[in-house]
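# Overview (structure and organization)
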Amino acid sequence: MDGTMIGFALLLFPFVLLGFVMLMGRVEEPLTQIAEERDIEQFLDDANADELDTFVREGTDSALSRFQARLGIGRLRRGWRRS
């Protein structure tokens, strides 16, 4: 009986793990979106003229990366998001 339960647990484990990963992805998505919205709000409040010009010409990603580089937080945030 014990061997059957262990075998069943081994077969079930990948599906449980996949379900957990999918659940964590759904939990992380809104949190990431809120963080990005806060970054854009901070950018629009504190950006200089050159950064605003970059925002208009090249878009959000390029302008935010220049802004974060000026503040010195770009490397910290990019490293955090990769992990």
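Residues numbered from 1 in each chain as written. Predicted model: local features only at pLDDT ≥ 70, side-chain atom pairs only at ≥ 80, totals over all residues. Heavy atoms only, no water.

### Some thoughts on the environment of Gln 68
Convention followed: Think of it this way: any DSSP run of H or I at least four residues long counts as a helix, any run of E at least two long counts as a strand, and we number them from the N terminus. Using a 1.4 Å probe on the protein chains alone, a residue whose accessible area is under 20% of its type maximum counts as buried, one over 50% counts as exposed, and one in between counts as partly exposed.
Its location among the elements puts Gln 68 in helix 3 (residues 60–71). The exposure class of Gln 68 is buried, given its relative accessible area of 9%. Sequence separation between Gln 68 and Ala 47 is 21 residues; the distance between their C-alpha atoms is 9.8 Å.

### So, the confidence of the model for the protein chain
Quick reminder of the rule: Confidence per residue, as judged by the predictor, is encoded in pLDDT with a range of 0 to 100.
For the protein chain, mean pLDDT is 79; residues scoring 70 or higher make up 86% of the total. The weakest mean pLDDT in the protein chain belongs to helix 4 (residues 74–82) at 49; the strongest belongs to helix 1 (residues 2–46) at 87.

### Section: a nonpolar patch on the surface
We apply this condition: Patches draw on residues past 30% relative accessible area with no salt bridge. Two like charges within 9 Å are joined, as are two nonpolar side chains (Val, Leu, Ile, Met, Phe, Trp, Tyr) within 5 Å. Computed with a 1.4 Å probe, the accessible areas rest on the Shrake-Rupley method; for each residue, only the protein chains presented here act as cover. For this document, the term salt bridge refers to a Lys or Arg side-chain nitrogen within 4 Å of an Asp or Glu carboxyl oxygen.
Nonpolar side chains collect at one region of the surface, where Phe 13, Leu 17, Phe 20, Val 21, Leu 23, Met 24, Val 27, Leu 31 and Ile 34 lie side by side and expose about 850 Å² of accessible area between them. With respect to the secondary-structure elements, Ile 34 resides in helix 1.

### Re the nonpolar core
Heads up, the condition is: What we call a nonpolar core is a set of buried Ala, Val, Leu, Ile, Met, Phe, Trp, Tyr and Cys residues that are connected through their side-chain atoms within 4.5 Å. Should any heavy atoms of two residues lie within 4.5 Å, those residues are counted as being in contact.
Membership of the largest hydrophobic core is limited to 5 residues, which are Phe 43, Ala 47, Ala 63, Leu 64 and Phe 67. The greatest single-element share of this core, amounting to 3 residues, is contributed by helix 3. Not counting the four nearest positions on each side in its chain, Ala 47 is found in contact with Leu 52, Phe 67 and Arg 70.

### Concerning the packing of helix 2 (residues 49–58) against helix 3
Here is the rule: Helix axes are fitted only over the stretch in contact, all axes being lines through C-alpha atoms; the angle between N-to-C directions runs from 0 to 180 degrees. Comment on the angle field: the value is read as roughly parallel under 35 degrees, roughly antiparallel over 145, roughly perpendicular from 65 to 115, and oblique elsewhere. By convention the crossing between two helices is left-handed if the near helix lies anticlockwise of the far one by an angle smaller than a right angle, and right-handed if it lies clockwise. Three classes are used: nonpolar for Ala, Val, Leu, Ile, Met, Phe, Trp, Tyr, Cys and Pro, charged for Asp, Glu, Lys and Arg, and polar for all others, with Gly counted as polar.
Contact pair helix 2 / helix 3: the axes reach a minimum separation of 7 Å and the direction vectors enclose 160°. When the axes of helix 2 and helix 3 are compared, the pair comes out roughly antiparallel. Taken as a pair, helix 2 and helix 3 cross one another with a handedness that is right-handed. Contacts between helix 2 and helix 3 involve Glu 51, Thr 54, Phe 55 and Glu 58 from the first element and Thr 60, Ser 62, Ala 63, Arg 66, Phe 67 and Arg 70 from the second. Classifying every residue of the contact of helix 2 with helix 3 gives 3 nonpolar, 3 polar and 4 charged.

### Observations concerning the pattern of salt bridges
Under the counting rule described, the total for this entry stands at 2 salt bridges. One salt bridge connects Arg 57 with Asp 53, and the closest N-O pair in it is separated by 2.9 Å. Taken together, the residues span about one helical turn, with Arg 57 and Asp 53 both in helix 2 at a distance of 4 residues. A relative accessible area of 38% means that Asp 53 is categorised as partly exposed. A salt bridge links Glu 58 to Arg 57; the nearest nitrogen and oxygen atoms lie 3.5 Å apart. Exposure remark for Glu 58: the relative accessible area of 42% places this residue in the partly exposed category. Residue Arg 57 is classed as exposed on the basis of its relative accessible area of 52%. Put simply, Asp 53, Arg 57 and Glu 58 are held in one network by salt bridges that share partners.

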